[in-house]
Amino acid sequence: RGGGAGGHRGIASILEHLGSPDFTRLKIGIGRPPAGVPAEGYVLQEFAVAERDLLRETLARGTTALEVFLARGLEAAMNTANPTRPTLASQN
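Source: prediction; values computed, not measured.

Trainee: Teacher, can you tell me more about the packing of aromatic side chains here?
Mentor: Two aromatic rings, taken as a pair, are described by how far apart their centres are and by the angle between their planes. The full count for this structure, using the stated rule, is 0 aromatic pairs. One residue, R25, lies across the ring of F23, its end atom 4.2 Å from the ring centre.

Next up, the structure:
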């Protein structure tokens, strides 16, 4: 909830129209484009065959997050959707 556009033109448009950053976002990241590839072209190209399994898993996790958000709220959805990353302390 809240925050800036982070370079995303669609989010910038929503911010401008609402006049406030106070709205909830469900964002699915696709990573950064390879060197020399314009971001606009990268985000609009088809997924590679090797990426399709990961895409299915990601969309399933996003669907679950949306269902949890609608039923139990933002914090529960974030806890469900965002994978836990190991910290240095947990690796020792």
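Trainee: Please explain the pattern of salt bridges as it appears in this structure.
Mentor: Opposite charge on two side chains permits pairing when their charged atoms draw close. Taken as a whole, this structure holds 2 salt bridges when the rule is applied. As a salt-bridge pair, E40 and R9 come within 3.5 Å of each other at their nearest N and O atoms. Of this pair, E40 sits in helix α2 (residues 39-44) while R9 sits in helix α1 (residues 9-18), and the two are 31 residues apart along the sequence. Residue R56 is joined to D53 by a salt bridge in which the shortest nitrogen-to-oxygen separation is 2.6 Å. Separated by 3 residues within a single helix, R56 and D53 lie in helix α3 (residues 52-72), roughly one turn from each other.

The rules behind the values
Residues numbered from 1 in each chain as written. Predicted model: local features only at pLDDT ≥ 70, side-chain atom pairs only at ≥ 80, totals over all residues. Heavy atoms only, no water. Phe/Tyr/Trp six-rings, centres within 6.5 Å; stacked < 30°, edge-to-face > 60°. Lys NZ or Arg CZ within 6 Å of the ring centre and 35° of its normal. Salt bridge = Lys/Arg side-chain N within 4 Å of Asp/Glu carboxyl O. Helix = DSSP H or I, 4+ residues; strand = E, 2+ residues; numbered from the N terminus.

Take it as geometry only, folks, not as evidence of what the structure does.
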